[in-house]
Amino acid sequence: MINVTPITIDHYPFIAVSVQLPKTNLLAVASEKGYIMCGALDVALLNEKLRDRGIVAGRAVGVRTIDQLLEAPLESVTAAAEELGITVGMKGKEALLKMREKNL
């Protein structure tokens, strides 16, 4: 099953996506600028092979729900995310708000 749900963080809109697969869930929350995702995100690939795209993304591991993804510390972030001030250890929702700040 795939769920796409609008969510609000500090009055800003985001899109949460949950994909239920056998034995795992894929979770992501996106802004217009970038996204955070569960452990399935390959940050090394984004930084190495796709660096020229400037993808703003962060990865949290060990999460099973969107709420957990928002509260979890990011385990890794892309170089483009770092340029926006998004850091390893930052909560997912804080990273999303940083992405949003840069859109204003």
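Residues numbered from 1 in each chain as written. Predicted model: local features only at pLDDT ≥ 70, side-chain atom pairs only at ≥ 80, totals over all residues. Heavy atoms only, no water.

With that settled, the discussion passes to the overall build of the protein. Along the backbone of the protein there are four helices and six strands. In the protein, the order of α-helices and β-strands from amino to carboxyl end is β-β-β-β-α-β-α-β-α-α. Over its C-alpha trace the protein gives a radius of gyration of 13 Å, about what one expects of a compact globule, namely 13 Å for 104 residues. Structurally, the protein occupies a C-alpha span of about 35 × 35 × 20 Å along its principal axes. Counting every position in the protein, which comprises 104 residues, the buried fraction comes to 40%. Considering only residue pairs separated by 6 or more positions, the protein has 34% of its internal contacts joining residues 24 or more positions apart. Taken as a whole, the protein presents about 6100 Å² of accessible surface, with 52% of it coming from carbon and sulfur. (Helix = DSSP H or I, 4+ residues; strand = E, 2+ residues; numbered from the N terminus. Rg over C-alpha atoms; globule rule 2.2 N^0.38 Å. Buried < 20%, exposed > 50% of the residue type's maximum accessible area, 1.4 Å probe, protein only. Contact = heavy atoms within 4.5 Å. Areas by Shrake-Rupley, 256 points an atom, 1.4 Å probe, with all protein chains shown as cover.)

Function cannot be read off these values alone, since they describe shape.
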